Amino acid sequence: MKTALVTGADRGLGHGLTENLLENGWRVFAGRYMSEWRELDELAERFPDTLTIVALDVASAESVGAARDAVAAEAQSLDMLINNAGVATRTNPLTIRENPDYDEMHRLYDVNTLGPLRTVEAFLPLLDRGSLKRLCFVSSEAGSVAASQRNSWFAYCMSKAALNMAIKNLFNDLRPQGYTFRVYHPGWVRSYMGGLKNDNADLEPREAAGYAIPFFTSSRDDEDRLVLIDYRGREWPW
Ligand SMILES: NC(=O)c1ccc[n+]([C@@H]2O[C@H](COP(=O)([O-])OP(=O)(O)OC[C@H]3O[C@@H](n4cnc5c(N)ncnc54)[C@H](OP(=O)(O)O)[C@@H]3O)[C@@H](O)[C@H]2O)c1
């Protein structure tokens, strides 16, 4: 049985990814950030033998280390890590003439960019012993410098562009050690990024997960080329 860790699994896409993996027979460790949100408990009732919920705040090295210890207590290895946890700014996107919020930029950078790095670092010893050595990153089209048309959204766009650079450096380091990489834009998902569920978006989290999981779990012809792929299989420029 293959094992995976999903970060930010309480709701939205991360919950959909967790559910999809469980339905496909994976053993899943699901990162819980929101102790008051109960959707993961419902999944734990359906999959008592294959789902373990672990407290995980990717913005805290201490929390990531404790989550690693909790997973290591139950599993010898991990096959796949899905770095999904992410935040968007809850303030309106501000242009440079509207007092951009620099504290908010720091907050998003800490979660969206440094969070995946912290998580990879902490879980690498378990992944080293896994059979798949698969590192997945939920990035965004918003991180594409070449395709950008936005005149604001500094915090989110910059955090995802920097994440893409972090992934490239990881790829240069870890690909020769047998690791394989998936960098993904999930489309516009009816998730909770603004705090409330966005029913105007295109895809239910479960549907979005149905597109993502085949990309995350299947092999690619050219693992030596790092690509940013969206839910329709289209490649985005960096
Ligand atoms: N929704 C879209 O259209 C869209 C498009 C492109 C990319 N993405 C990416 O998709 C990923 C999943 O987002 P989503 O749309 O599913 O949003 P979501 O519904 O807000 O889910 C993200 C989950 O991560 C949690 N989280 C926040 N900070 C965390 C931390 N420090 N450590 C661990 N977990 C944390 C969130 O909790 P809180 O709710 O308390 O913040 C939430 O439960 C993100 O990386 C996002 O950037 C989303």
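Every value quoted in this text rests on a predicted model; they were computed, and no experiment measured them. (Residues numbered from 1 in each chain as written. Predicted model: local features only at pLDDT ≥ 70, side-chain atom pairs only at ≥ 80, totals over all residues.)

*Asks:* Help me out: how do you make sense of the site of the ligand in this one?
*Replies:* Looking at the ligand, there are 30 residues lining it, with Gly 8, Gly 12, Tyr 33, Gly 86 and Ser 191 nearest. Among the elements of the structure, α1 (12–23) and α4 (102–128) are those that each provide at least two residues to the shell around the ligand. For the shell around the ligand, the leading source of residues is α1, giving 3 residues. (Near = placed C-beta within 6 Å. Helix = DSSP H or I, 4+ residues; strand = E, 2+ residues; numbered from the N terminus.)

*Asks:* Explain helix α3 (residues 61–72) here, please?
*Replies:* Side chains of residues three or four places apart in an α-helix project in the same direction, reflecting 3.6 residues per turn. Relative to the 16 Å expected for 12 residues at 1.5 Å per residue, α3 spans 16 Å between its end C-alpha atoms, a close match to the ideal helical length. Taken together, the buried positions of α3 are occupied by Val 64, Ala 67, Arg 68 and Val 71. Buried residues in α3, looked at end-on, bunch into an arc of 100°, giving them a common side. Facing away from the buried side of α3 by over 90 degrees, the exposed positions are Glu 62 and Asp 69. In this fold, the buried residues of α3 make contact with β1 (3–6), β2 (27–32), β3 (51–55) and α4. (Expected span 1.5 Å × (residues − 1). Buried ≥ 20, exposed ≤ 12 C-beta atoms within 10 Å, placed from the backbone. Arc of directions from axis to C-beta. Contact = placed C-beta atoms within 7 Å.)

*Asks:* What should I look at first to understand the pairing of β3 in this one?
*Replies:* Residues in a regular strand point their side chains to alternate faces of the sheet. Strand direction decides the pairing type here: β2 and β3, joined by 5 bridges, are parallel. Residue pairing in the sheet places Ala 30 in a bridge with Ile 53 of β3. (Pairing = 2+ DSSP bridges.)

*Asks:* Can you walk me through the packing of α3 against α4 in this structure?
*Replies:* Packed helices, taken two at a time, are described by the angle their axes make and the gap between the axes. For the pair α3 and α4, the least separation of the axes is 9 Å and the interaxial angle reads 25°. The angle between the axes of α3 and α4 places the two elements in the roughly parallel class. Handedness of the crossing formed by α3 with α4: right-handed. Contacts between α3 and α4 involve Ala 61, Val 64, Gly 65, Arg 68, Val 71 and Ala 72 from the former and Arg 118, Thr 119, Ala 122, Phe 123 and Leu 126 from the latter. A per-class count over the contact of α3 with α4 returns 7 nonpolar, 2 polar and 2 charged. (Axes fitted to C-alpha atoms, helices over the stretch in contact; angles between N-to-C directions. Parallel < 35°, antiparallel > 145°, perpendicular 65-115°, else oblique. Left-handed = near helix turned anticlockwise from the far one by under 90°. Nonpolar A, V, L, I, M, F, W, Y, C, P; charged D, E, K, R; others polar.)

*Asks:* What is the right way to look at the pairing of strand β5 (residues 134–138) in this model?
*Replies:* With 5 of 5 residues buried, β5 lies mostly within the body of the structure. Here β5 shows no split at all, with Arg 134, Cys 136 and Val 138 on one side and Leu 135 and Phe 137 on the other all buried. Across 4 bridges, strand β4 (residues 80–83) lies against β5 in parallel orientation. Within β5, the residue paired with Leu 81 across the bridge is Leu 135. Read from β4 through α4 to β5, the crossover connection turns out right-handed. You can see the chain leave β5, run along helix α5 (residues 154–174) and come back into strand β6 (residues 180–185), and the turn it takes is right-handed. (Right-handed = clockwise from strand over helix to strand, strands pointing away.)

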